[in-house]
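# Observations on the model geometry
The residues making up each chain are set out below.
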Protein chains: 2
Amino acid sequence: MSQHRPTGPNGRSGGVPALPDLPEATVARLPEYLRALHHIAETGNDTISSEGLAAAAGVNSAKLRKDLSHLGSYGTRGVGYDVALLIDQIEFTLGLTQRRAVALVGVGNLGHALAGYAGFASRGFRIAALFDADQARVGEPINGLDVRHISELATVAAAESIAIGVIATPAAAAQDVADALVAAGVTSILNFAPCVLSVPEGVDVRKVDLAIELQILSFHEHRKSALTSLPGGLAEEAVGT
Amino acid sequence: MSQHRPTGPNGRSGGVPALPDLPEATVARLPEYLRALHHIAETGNDTISSEGLAAAAGVNSAKLRKDLSHLGSYGTRGVGYDVALLIDQIEFTLGLTQRRAVALVGVGNLGHALAGYAGFASRGFRIAALFDADQARVGEPINGLDVRHISELATVAAAESIAIGVIATPAAAAQDVADALVAAGVTSILNFAPCVLSVPEGVDVRKVDLAIELQILSFHEHRKSALTSLPGGLAEEAVGT
DNA sequence: CGCGATTTGTGCACGAGTTCACAAGCGCTT
DNA sequence: AAGCGCTTGTGAACTCGTGCACAAATCGCG
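Note that the coordinates shown come from a computational prediction; the quantities given were computed from them, not determined experimentally. (Residues numbered from 1 in each chain as written. Chains lettered and ligands numbered in written order. Predicted model: local features only at pLDDT ≥ 70, side-chain atom pairs only at ≥ 80, totals over all residues. Heavy atoms only, no water.)

Further remarks concern unusual backbone geometry. Glycine aside, residues mostly have negative phi, and peptide bonds are mostly found in the trans state. Unlike most non-glycine residues, Ser161(A) shows phi in positive territory, near 45°. As for its position among the elements, Ser161(A) is in the loop between helix 7 (153-160) and strand 8 (164-167). What makes Ser161(A) exposed here is its relative accessible area of 59%. The residue Asn143(B) is not glycine, and still its phi comes out positive at about 55°. Relative to the assigned elements, Asn143(B) resides in the loop between strand 6 (141-142) and strand 7 (145-149). (Helix = DSSP H or I, 4+ residues; strand = E, 2+ residues; numbered from the N terminus. Buried < 20%, exposed > 50% of the residue type's maximum accessible area, 1.4 Å probe, protein only.)

This is how it looks when you write it as structure tokens:
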């Protein structure tokens, strides 16, 4: 992040795309494009226009073209994008050419569901191990995997070369689990616990808080109902001039 | 959104805060502040400085102050914010003074977990009804609630005055469910299915895609490992001049 | 072979959001 | 009562992201 790139502004002579330094907003949209592309590929289309792909991904077509231009020119003017090629490019950019191993910590209500979620496997990830602090849960088989005690985390993580951890524990335990994950060599964490994690530099944390999403919706609900019940929304011009 | 506010720039004489027109980014952070405040209140603190609250919420203190300033001046210079007062203010702004009823559609793997998630209840929401299209699941009791058939959605939504719907179905069914929710009067949707929903204007949709979060992390993993294995990261100055 | 239809890639302007830096205000102490 | 230290609230610069609009490029057809 804090180091210069000695390469030119737009690709290098070596032929390797090598770290095009994507905007974070673009990175966040690439998975959405990828999903849309897979869907399009299934319908038998070989090429897709930016307009079509943008519609399938729910974004503006100009934004989509700009996003894709950041990873190089893989479209053909007058034609569109080659679906298969674009899928390969995005998967490479996202580092999905290798199936990544994920450790899931916390096999409670939510963790149980995540362990059984087929969407992970189908999109490039393999849940390699399940952990829990509760001895009563250790040994329980879930989806073909036995729950292990959290104390085994370091050993298993090394053996399976796990770099991504998912925290699905109660908030009170989350920081300890995060520390354990980091100590075990995990450098990316997906946190479902409603709390802030502090991790050393170089470790990425993304947070998913289900209640927060609902609260944001609640705000908009609140605003909508306020609008319809306030004078401003109904009788604005009613006074007449 | 597209209408003028006849009020002055900063509050009205009526005494009601009434739609301060918050930036979306601020709205997304308010729930985080709220969670941090509840935590702080539990530890017995009556007031909290912007610095302290910012740390607890994982944000910059300047950003926090600007966010809070949007909902009015509820801090005391030289002292900080009154925790209880601030909680009330944020809860009011988010429309959490009334407990909102939520309909959950899709009682599969994930939906089952969501139905049992205590975090919803503790943060202002009540799961008022569960629905599924699978007749085999209808009638099954989950967490004190019987699963109902999706065809009952409109009736139940009206009876329970449900304005928020959660979609936890497979992607293939999500659009139909969304249509049904909208038809039943739902104006806010939280979508866990990996697909784009199209809804009429006035309906808010938020999306949570677990695989996308992992793919974003995968990108950063990919970049990190590329950095350490590429010459640029290690032997930059090794050639010497 | 040239022309027009089509679609990508991008320069540019605009808007939203973030961060800095500091004046204004509050309470405590002397 | 006056001064001092602390903290909020905010103006202003800056960064990041978005969207328009159009030139450049490609294909197909006559």
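This paragraph deals with the protein's contact with DNA strand D. Taken together, 26 residues lie near DNA strand D, and Arg29(A), Lys66(A), Arg77(A), Ser50(B) and Tyr81(B) sit nearest. With respect to DNA strand D, the side chain of Lys66(A) contributes an N or O atom lying 2.5 Å from a base oxygen. When contributions to the surface near DNA strand D are tallied by element, the ones reaching two or more residues are helix 1 (24-42) and helix 3 (61-70) of chain A together with helix 3 (61-70), strand 2 (75-76) and strand 3 (80-82) of chain B. Looking at the surface near DNA strand D, the element that brings in the most residues is helix 3 of chain A, giving four residues. (Near = heavy atom within 4 Å. Polar contact = N/O pair within 3.5 Å; in protein donor to acceptor, adjacent residues only side chain to side chain.)

Attention now moves to the protein's contact with DNA strand C. Of all residues adjacent to DNA strand C, which total 27 residues, the nearest are Ser50(A), Arg65(A), Tyr81(A), Arg29(B) and Arg77(B). What you see for DNA strand C is that sugar and phosphate hold 62% of its atoms within 4 Å of the protein. Tyr81(A) places a polar side-chain atom, nitrogen or oxygen, 2.6 Å from a phosphate oxygen of DNA strand C. Among the secondary structure elements, those contributing two or more residues to the surface near DNA strand C are helix 3, strand 2 (75-76) and strand 3 (80-82) of chain A together with helix 1 (24-42) and helix 3 of chain B. Taken together, the residues of the surface near DNA strand C break down into seven nonpolar, eleven polar and nine charged. (Nonpolar A, V, L, I, M, F, W, Y, C, P; charged D, E, K, R; others polar.)

This part takes up the UniProt feature "binding site: NAD(+)" (unreviewed entry) in chain A. When the UniProt feature table is mapped onto this chain numbering, "binding site: NAD(+)" (unreviewed entry) sits at Gly106(A), Val107(A), Gly108(A), Asn109(A), Leu110(A) and Gly111(A). For the second largest pocket, the lining residues drawn from the annotated set are Gly106(A), Val107(A), Gly108(A), Asn109(A) and Leu110(A). Relative to the helices and strands, Gly108(A) is located in the loop between strand 4 (100-105) and helix 5 (109-115). Relative to the helices and strands, Leu110(A) resides in helix 5. Beyond its immediate sequence surroundings of up to four residues, Leu110(A) is in contact with Phe192(A), Leu110(B) and Ala113(B). (UniProt positions renumbered as here; feature names shortened; annotations may be inferred. 1 Å grid on protein atoms, 1.4 Å probe; cavity = no way out; pocket = protein on both sides within 12 Å on 5 of 7 lines; lining within 4 Å. Contact = heavy atoms within 4.5 Å.)

Moving on: the interface of chain B and chain A. Each partner contributes to the interface: chain B provides 70 residues, whereas chain A provides 72 residues. When the buried surface of chain B facing chain A is broken down by residue, Leu214(B), Gln215(B) and Leu217(B) rank first, second and third, together holding 10% of it. There are eight salt bridges connecting chain B and chain A. Between Glu32(A) and Lys207(B) there is a salt bridge, with the nearest N and O atoms lying 2.8 Å from each other. Linking chain B with chain A are 34 residue pairs in polar contact (both at pLDDT 80 or more). Considering every element that reaches the side of chain B that touches chain A, the biggest residue donor is helix 9 (residues 210-229) of chain B, with 17 residues. (Buried area = accessible area lost by both parts, 1.4 Å probe. Salt bridge = Lys/Arg side-chain N within 4 Å of Asp/Glu carboxyl O.)

Below, the discussion takes up the sheet that holds strand 9 (residues 188-191) of chain B. Across a sheet, strands are paired by hydrogen bonds formed along the backbone, either parallel or antiparallel in direction. Residues and elements named next belong to chain B. Sheet architecture is open: seven strands sit in the order 6-7-5-4-8-9-10, paired in mixed fashion. With one partner strand each, in any of the chains shown, strand 6 and strand 10 (204-207) form the two edges of the open sheet. Here strand 9 pairs with strand 10 via four bridges, running parallel. Bridge pairing in strand 10 links Ser188 to Asp204. Lying on the sheet, helix 7 (residues 153-160) is in contact with strand 4 (100-105), strand 5 (125-132) and strand 7; it crosses strand 5 at an angle near 165°. Contacting strand 4, strand 8 (164-167) and strand 9, helix 8 (residues 171-183) crosses the sheet at an angle of about 170° to strand 8. (Pairing = 2+ DSSP bridges. Axes fitted to C-alpha atoms, helices over the stretch in contact; angles between N-to-C directions.)

Bringing the relation of the copies chain B and chain A into the picture now. The transform that puts chain B on chain A rotates by 180° and translates by 0.0 Å along the axis, for an RMSD of 0.1 Å. On the angle and the small slide along the axis, the relation comes out as a two-fold axis. Across chain B, the smallest distance between a C-alpha and the rotation axis is recorded for Ala113(B), namely 3.0 Å. When the interface residues of chain B are mapped onto chain A, 99% of them again lie at the interface, so the same face is used by both copies. (Least-squares fit on C-alpha atoms with pLDDT ≥ 70 in both.)

Let us look at the confidence of the model for chain A. On average, residues of chain A carry a pLDDT of 89, and 85% of them reach 70 or more. Note that residues 1-17 of chain A has pLDDT below 50 and, in this model, eight contacts with residues that lie over four places away or in other chains. (pLDDT = per-residue confidence, 0-100.)

In this section: the pattern of salt bridges. Residues and elements named next belong to chain A. Using the criterion set out here, one finds 20 salt bridges over all chains in the structure. Of the charged contacts in the structure, one is a salt bridge between Asp67 and Arg29, with a shortest N-O distance of 2.7 Å. You can see Asp67 sitting in helix 3 and its partner Arg29 sitting in helix 1, a full 38 residues away along the chain. Across the pair, exposure class does not vary: Asp67 and Arg29 are buried alike. Where Glu221 meets Lys224, a salt bridge forms, and the shortest distance between an N and an O atom there is 3.5 Å.

It is worth spelling out the sheet that holds strand 1 (residues 47-48) of chain B at this point. Residues and elements named next belong to chain B. A sheet is described by the order of its strands in space; here three strands give the open sequence 1-3-2, paired in antiparallel fashion. Each edge of the open sheet carries a strand with a single partner, namely strand 1 and strand 2. Summarising the sheet, strand 2 and strand 3 pair through two bridges and their orientation is antiparallel. In the sheet register, Thr76 faces strand 3, and the bridge partner there is Gly80.

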